[in-house]
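Structure assessment
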Amino acid sequence: MIFRFVRKGRRERKAVARRVVILGLDGLSPEIASELMAGGMMPNLAGLAEKGTFTELGTTCPGISPVAWSSFQTGVNPGKHGIFDFLAPDRRRYLPRLSSVETLSAEHRNRFLPFLRPSMKQVVRLLRKSRPFWSLLGRYGLRSTVLRVPITYPPEPLDGHLLSGMCVPDLRGTQGSYTIFSENEPGAPFTGGLWGRLRRRGDCAWEASLPGPYEPGGDPACVDILLQKGRKGFMLRAGGATIPVEPGRLTEWVELVFRTGGAKVRGIAKFCLSLREGNSPELYATAINVSPMSPSVPVSHPVHYSRYLAGINGNFATLGLAEDTWALSNGALSEEAFLDQAWSIFEERRKMFLDALQRNPSGLVACVFDTSDRIQHMFWSAGHAQGSPVFDMYLRMDRLIGETVRELGGRDMLIVMSDHGFTSFHTCVDFNRWLLENGYMVLEEGVESVETSFRGVDWSGTRAWSMGLAGIMLNIRGREAGGIVEPGSEAQELAAEICEGLLRLTDADGNSVISSAVPAAEVYSGPYAAEGPDIIVGTSRGYRAGWGCVTGGVGERVLYPNERHWDGDHCHDHRLVPGVLACSRELSAEDAEIVDIAPTVLSALGVRPPSYMEGRSLLPRDDGGEE
Amino acid sequence: MRHISFLLNGFFDMILYPFGWLPPIWGLLFISVASGLGMIFVFRAVSDQEGIARLRRRMGGEILGILLHVSSPITVLRFAGRLIRSNTSYLVLLLKPLLVMAVPFMILWGQLDARFSSSGAQEGFQVTVTVQYAEEVPPADSIEITAEGVLVVPPLMVVDTLEQASFRLEERNGPPACITVDGVRAGFAGTDTRSGSIVLRGFDADPSPLVLLTPMVHVVEGSGEGPVSGWYSLPGKDFGIFGMHWSWEAVFLVFSMVAALAGARIMKIRV
């Protein structure tokens, strides 16, 4: 403590807040919030609006969570932090990869026992560039507690505590793959999960193997599970624990231990039993989350922080995208079970957020809640009338705001914000098909469509390709492995031509599908701007990049109906989906952008925002004066 | 109560019978390990395992909370307070299994104490016997003492104020089965030469429930004139393990604890 006191720098300006609390509600829509506030349904948010600030918050281009939250934490545009989408293109192999994290494997030999067989050691690297604003606060003796802010995995050191959010993998190394067990094989292949057979053992018992992390040899380490039907109902034995299982309800977290490469890897999972036709059991297991008590990969800084949270509040979801939207889309989870899962994750996070508020009387406390985003993705078409999941979600978020306000002291400043808003998603747009039909992409002879990863694309004749949710890349010579477009004027002319063509795209009713298409150079600036797409496409309300096209597929039609449960989205023209900004203080918030949050927080705590930050402080009369 | 005592003694005799012709340490080790394992299984059966696990995790979290918030003295104090509360709750959780195990443990302790704490009388060895009278001690020359194969060594001491009389016996032809003092007939030390058998260290004419916990005290039929109790000063016994002299209590506590912890580890029992 004395060391901290001695080394801390003098703040450069007068602090207007002793503590800044940021409550991030992913995807909260200003339109719906305003409507519910007007109807008196969100009194706590209305209270903030009355005494402080409530306005729209401009999001990034595109308005996608990893991009927007990266700009939130760094105060810069994607050209400076290098995150342009969930996926980034591997231009040498034309394959998608995760934009924010890189996992490498290296052979590791024991220094003291060199004769032992070397093991494979994983190295995880955060690909987000620039610096989060909380890393600056530590210099001035201001501690930060940062909970589940997206794109913070692997956790970077800071003066305080950090729990990583979006992009934390599961034990299989994926962004979340569930397992469904049944006696019979599923009729059709499905995405986002694995299938395992429930083997009957006697009349009233079934056994199965739950695959976990992959061994160096390539096979997954497994944990045996046993489902038994008794007089009192179903019991599940897994990982040394025996727990009751109620059909249709998720269990508590079950701790699982996998033995891989001579080491124990600990994970946690929840289960849900469904009884299908003929009372045939079907058992769902969530993605195997990294155990917060014994994390096999670091999910917090310091590493004990996740242990502390698990010790105080019990186990919690560590997976980046913990709400299992794939399972709901595929019918592995019912709507009730999905909501149960989403709200239990919300409750876990609420506890840790309130704990952080009580333990940190100064500095920064920031927490992001994803439940709002996931519920709107999955239940948007049900509307937000009273009784709908979206309506209930807005009310619960308002109660959370109320709880947070009650924890505030007189010198605290609360910022409630969302990274983007929401709108409908009823029609998929296959950009690759459009490129194909307009002569910008060529398929190999005999190939009519491509399922994924551009298998069957003739790169020697392809001038443009699309991957991800909002971008089109040009096949530039010297940059892409099989590039044919000359950089410079040829590329610029091609980009302009494609933009023009996309803006003319209409549906059968003559509605415009694309509301903006601009060369990336007009949007991004910074050292990493060239790593993003060459054209940024903003779709109109209701239209979004098609499911196959996102991962390098080429479908059969340019426009086709979105038949998935995922019927709300925000990956459109970013001007259509602004986020929410509410504050307990009055701010100069006209045309506020998400990049303004970092300089605002720094200024509020008496720290001059660094010159590389692009946003402005929203504090009124903030002239950047010295203390 | 005597019948229960008889059954308990028989039960322990039976358990230790296979070790009767081995040095006594083997029987003691066996019963220590077996009782350690037995206690841990009983603990699992009667304790709230979920509650203990939850509480232990919470206490771990509270300790980490102190370490993580060391720059905030108020938070540290709050965590310290919570830690004390959690420790109290932990002790409350342990109370039920401890109460359930208390009586069997005391019976076991008494049995082991009776069998392993003292050596029996040996030839040429003098044992002091002190007898207690209910009221006035009769004159020394009128106290009648008989015992087989034993020599009463004078003088016979009488302490009137304490209503006690003391005398010494010296072994001559092996241990006597019993002694008789003023008509009160009581078993004597070392009635059985096998290791692990009960070494009587006294007698009592007043049977109480506590007799279950003190099998080394022979319960006798009272006589109007004779002593109501008596005790024999026998030499203590120790056991050589790892080149050190261990009392039976040390052997029992160490080995039962090691066995219990090993059992808990293998069977994943939370303590």
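Residues numbered from 1 in each chain as written. Chains lettered and ligands numbered in written order. Predicted model: local features only at pLDDT ≥ 70, side-chain atom pairs only at ≥ 80, totals over all residues. Heavy atoms only, no water.

**What about the overall build of chain B?**
- Each helix and strand counted, chain B has 5 helices and 11 strands in total.
- Reported as C-alpha extents along the three principal axes, the dimensions of chain B are approximately 80 × 45 × 35 Å.
- Taking the contacts inside chain B whose residues are at least 6 apart along the sequence as the reference set, 70% of them involve residues at least 24 apart.
- Summing over all exposed atoms, chain B offers an accessible surface of approximately 14,600 Å²; the carbon and sulfur share of this is 65%.
- Considering chain B, the positive charge centre built from 20 side chains and the negative charge centre built from 23 side chains are found 27 Å apart. (Helix = DSSP H or I, 4+ residues; strand = E, 2+ residues; numbered from the N terminus. Contact = heavy atoms within 4.5 Å. Areas by Shrake-Rupley, 256 points an atom, 1.4 Å probe, with all protein chains shown as cover. Lys, Arg positive; Asp, Glu negative; His and termini not counted. Charge placed at Lys NZ, Arg CZ, Asp CG, Glu CD.)

**Some remarks on the domain arrangement of chain B**
Residue and element names in this part refer to chain B.
- What the domain assignment reports for chain B is domain 1 (2–14 + 24–117 + 248–266) and domain 2 (126–233).
- Relative to domain 2, the C-alpha centre of domain 1 lies at a distance of 38 Å.
- Facing 15 residues of domain 1, the contacting portion of domain 2 comprises 14 residues.
- Across the domain 1/domain 2 interface, buried area totals approximately 1,300 Å², and carbon plus sulfur atoms make up 58% of it.
- Its largest share of buried area at the contact with domain 2, domain 1 owes to Arg2, Ala114 and Arg115, together 41% of the area lost on that side.
- The interface formed by domain 1 and domain 2 holds 1 salt bridge in total.
- Within the residue set of the side of domain 1 that touches domain 2, elements represented by two or more residues are helix H1 (2–16) and helix H4 (73–116).
- Looking at the side of domain 1 that touches domain 2 element by element, the count peaks at 8 residues for H4.
- Residue composition of the side of domain 1 that touches domain 2, grouped by class: 7 nonpolar, 5 polar and 3 charged. (Domains from an automatic or database assignment. Buried area = accessible area lost by both parts, 1.4 Å probe. Salt bridge = Lys/Arg side-chain N within 4 Å of Asp/Glu carboxyl O. Nonpolar A, V, L, I, M, F, W, Y, C, P; charged D, E, K, R; others polar.)

**Topic: the environment of A:Thr145**
Residues and elements named next belong to chain A.
- Within the secondary structure, Thr145 sits in strand E7 (residues 144–149).
- A C-alpha to C-alpha distance of 8.3 Å links Thr145 and Leu163, two positions 18 residues apart in sequence.
- Those residues in contact with Thr145 that sit more than four places away from it in its chain are His161, Tyr305, Ala356, Asn360, Leu364, Val365 and Ala366.
- In this structure the side chain of Thr145 is engaged in a polar contact, spanning 3.2 Å, whose partner is the side chain of Asn360. (Polar contact = N/O pair within 3.5 Å; in protein donor to acceptor, adjacent residues only side chain to side chain.)

**Regarding a nonpolar patch on the surface**
- Where nonpolar side chains cluster on the molecular surface, the patch consists of B:Val33, B:Leu37, B:Phe41, B:Ile266 and B:Met267 and spans about 410 Å² of accessible area.
- Classification of B:Val33 as partly exposed rests on a relative accessible area of 33%. (Patch = residues over 30% accessible without salt bridge, like charges linked within 9 Å, V, L, I, M, F, W, Y side chains within 5 Å. Buried < 20%, exposed > 50% of the residue type's maximum accessible area, 1.4 Å probe, protein only.)

**Here's the deal with the pairing of strand E3 (residues 87–90) of chain A**
- The sheet contact formed by E3(A) and strand E4 (residues 95–98) of chain A spans 4 bridges and is antiparallel. Bridge pairing links A:Pro89 to A:Pro96 in E4(A). (Pairing = 2+ DSSP bridges.)

**What to know about the domain arrangement of chain A**
- According to the domain assignment, chain A contains domain 1 (27–83 + 129–143 + 362–422 + 577–627), domain 2 (157–346) and domain 3 (425–575).
- Between the C-alpha centres of domain 2 of chain A and domain 3 of chain A the distance comes to 36 Å.

**Things to note about the pattern of salt bridges**
Residue and element names in this part refer to chain A.
- This model, assessed by the stated rule, comprises 35 salt bridges over all chains.
- Linking Arg93 and Asp90 is a salt bridge whose minimum nitrogen-to-oxygen distance equals 2.8 Å.
- Of the charged contacts in the structure, one is a salt bridge between Arg479 and Asp534, with a shortest N-O distance of 2.7 Å. A residue pair is termed long-range when its members are at least 10 positions apart, and Arg479 in the loop between strand E26 (471–474) and helix H13 (489–503) and Asp534 in the loop between strand E27 (514–519) and strand E28 (535–539) qualify at 55 residues.
- Within this structure, Glu323, Arg349, Asp370, Asp373 and Arg374 form a network of salt bridges that share partners.

**A short note on the packing of helix H3 (residues 49–68) of chain B against H4(B)**
Residues and elements named next belong to chain B.
- Put simply, H3 and H4 touch, their axes get as near as 9 Å, and they point 160° apart. Considering their axes alone, H3 and H4 lie roughly antiparallel with respect to each other. Judged by the sense of rotation from one axis to the other, the crossing of H3 with H4 is left-handed. Contacts between H3 and H4 involve Gly51, Ile52, Leu55, Arg56, Arg58, Met59, Glu62, Ile63, Gly65 and Ile66 on the former and, on the latter, Val76, Phe79, Ala80, Arg82, Leu83, Ser86, Asn87, Ser89, Tyr90, Leu93 and Leu94. (Axes fitted to C-alpha atoms, helices over the stretch in contact; angles between N-to-C directions. Parallel < 35°, antiparallel > 145°, perpendicular 65-115°, else oblique. Left-handed = near helix turned anticlockwise from the far one by under 90°.)

**Observations regarding the packing of aromatic side chains**
Residues and elements named next belong to chain A.
- All told, the structure shown has 35 aromatic pairs over all chains when counted by the stated rule.
- Aromatic side chains Tyr94 and Trp459 sit 3.4 Å apart centroid to centroid with 10° between the ring planes, which places their arrangement in the stacked category. Of the two residues, Tyr94 is situated in the loop between E3 and E4 and Trp459 in the loop between helix H12 (431–437) and strand E25 (464–466); the sequence distance between them amounts to 365 residues. For the pair Tyr94 and Trp459, a shared accessibility class is recorded, and that class is buried.
- Seen from their ring centres, Trp459 and Trp465 are 5.6 Å apart, and the 80° between their planes marks the pair as edge-to-face.
- Trp459 gets classed as buried once you look at its relative accessible area, which sits at 15%.
- Through a chain of ring-to-ring contacts, the aromatic side chains of Trp69, Phe72, Phe133 and Trp134 assemble into a single cluster.
- Here the basic side chain of Lys129 rests over the ring of Tyr528, its NZ or CZ set 4.9 Å away from the ring centre. (Phe/Tyr/Trp six-rings, centres within 6.5 Å; stacked < 30°, edge-to-face > 60°. Lys NZ or Arg CZ within 6 Å of the ring centre and 35° of its normal.)

**Notes on unusual backbone geometry**
Residue and element names in this part refer to chain A.
- Look at the link from Cys61 to Pro62: it is a cis peptide, with omega at 0°.
- Mapped onto the elements of the fold, Pro62 is located in the loop between strand E2 (53–57) and helix H4 (65–74).
- Looking along the chain, the bond that leaves His301 and enters Pro302 is cis, with omega of -10°.
- Note that Pro302 resides in the loop between strand E21 (300–301) and helix H7 (304–313).
- Residue Arg148 is not a glycine yet carries a positive backbone phi of 55°.

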